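An overview of the molecular structure
For reference, the chains in residue letters:
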Amino acid sequence: MGLFGGRRALEVVKEYSKNGSPIKGKVALVTGANNGAGFETAHALAVAGARVILAGRRLDAIKEAVQSIQNKLGQNENEGSVEMISEVSLDLEDLGDVRSYAQAFQKLGCPLHLLVLNAGVMAQPFRLSPQGHESTWAINHLGHFLLCQLLMDKLRSSQPARVICVSSELHRRAPTPGDDFSNWSHPDKYNWMDAYGASKLSNILMAKELSRRFQEQKLDITAVSLHPGVGPTGLAKEGLSGVLIGLYRAIGGLILFSHEQLAATSTFCCIAPSTSLVQGEYYARCAIMKTSHPLAEDADKAQQLWRKSEELTKDFSEPLK
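One structure accompanies this document, and this report is about it. As the structure is a computational prediction, the values presented were derived from the model and not from experiment. (Residues numbered from 1 in each chain as written. Predicted model: local features only at pLDDT ≥ 70, side-chain atom pairs only at ≥ 80, totals over all residues. Heavy atoms only, no water.)

1. Digging into the side chain of Thr-291
Assignment of secondary structure puts Thr-291 in the loop between β8 (287-288) and α13 (299-313). Within the local environment of Thr-291, its side chain forms a polar contact with the side chain of Glu-297, the two groups lying 2.8 Å apart. For Thr-291, the contacting residues outside a window of four places in its chain are His-171, Ile-204, Tyr-282, Ala-296 and Glu-297. (Helix = DSSP H or I, 4+ residues; strand = E, 2+ residues; numbered from the N terminus. Polar contact = N/O pair within 3.5 Å; in protein donor to acceptor, adjacent residues only side chain to side chain. Contact = heavy atoms within 4.5 Å.)

Shown next as structure tokens:
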């Protein structure tokens, strides 16, 4: 446990399951579920009785994660299950791959009650996605945006449902976007912290606009965003320099959240009663938290980002059959 404490995901499950689990029998899809907070979120939701589908870029890692959680669950009849879509990966950087995954999910024929958009990257060298967008923004925002759009009919038919957008307090580092968001999708000067901040602010704005649309359409679907905490996530370790990794290893156990703690707020947003979850809000430590960027509460900017995201994904967004 880090120096500043924090609840663990399974403690959240225990707290909200005293009179029976509210998500028993529900279907959850968790992206980036092969390790870190995504793995622990998937584990916690399964313990709470959900059928959890793990998605990720590396099939071998997802298979290993499924087996690991299955071993943890044991034979308790009150617990749920974990699985993956056989031989289907989810590479959020490639919009074509996102569409293929959504089509495979559609073919499962199951409802979708909880969509946890958890996957992400950080501190990456500059590169462009297959569709020509800055990769951090493409993976952390644009791929998730398309996945959510393609599964929207599934969410509508599964009401009540929830969309959980995992953001970060580093959304405060997002540069002010231009009218066309080109400095986010095609930056002239690349700085990994700015790129990460832009992608995480995009997560918050997406949740805000989703919530507005759900309310406008009178749908029983809740969208929220969250900061999981600071901890030993794979998305940070893969991109940091050797010096920073050494520092991370030396002090991480003292000041950082464990994976189980990082998964607590995502788990809370999935399992807490609707009376405890406010549409469109930003959460941390299982409670509403004030955002730290001046545009994070800007409804007009959220709508502009939505329209831009629709434009950039239009070649892949035809409704699934």
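Next comes the rest of the account.
2. Points about the environment of Asn-35
Note that Asn-35 resides in the loop between β1 (27-31) and α2 (36-47). A sequence separation of 30 residues divides Asn-35 from Ala-65, and the C-alpha atoms of the two residues are 7.2 Å apart.

3. Topic: the state of the cysteines
Under the counting rule described, the total for this entry stands at 0 disulfides. The closest cysteine sulfur to the non-disulfide-bonded Cys-269 is located on Cys-270, 7.1 Å from its own sulfur. Cysteine Cys-286 is unpaired, with the sulfur of Cys-269 as its nearest cysteine sulfur at 7.5 Å. With relative accessibility at 10%, the residue Cys-286 sits in the buried group. (Disulfide = S-S within 2.5 Å. Buried < 20%, exposed > 50% of the residue type's maximum accessible area, 1.4 Å probe, protein only.)

4. Some points on α2
In an α-helix there are 3.6 residues to a turn, and that puts residues three or four apart on one side. Taking 1.5 Å as the rise per residue, α2 with 12 residues should run 16 Å; its terminal C-alpha atoms sit 17 Å apart, in good agreement. For α2, a buried count of 11 out of 12 residues is recorded, marking the element as mostly surrounded by other parts of the structure. What α2 keeps buried is the set Gly-36, Ala-37, Gly-38, Phe-39, Glu-40, Thr-41, Ala-42, His-43, Ala-44, Leu-45 and Ala-46. A positive phi of about 105° marks Gly-49, the residue just after α2. (Expected span 1.5 Å × (residues − 1).)

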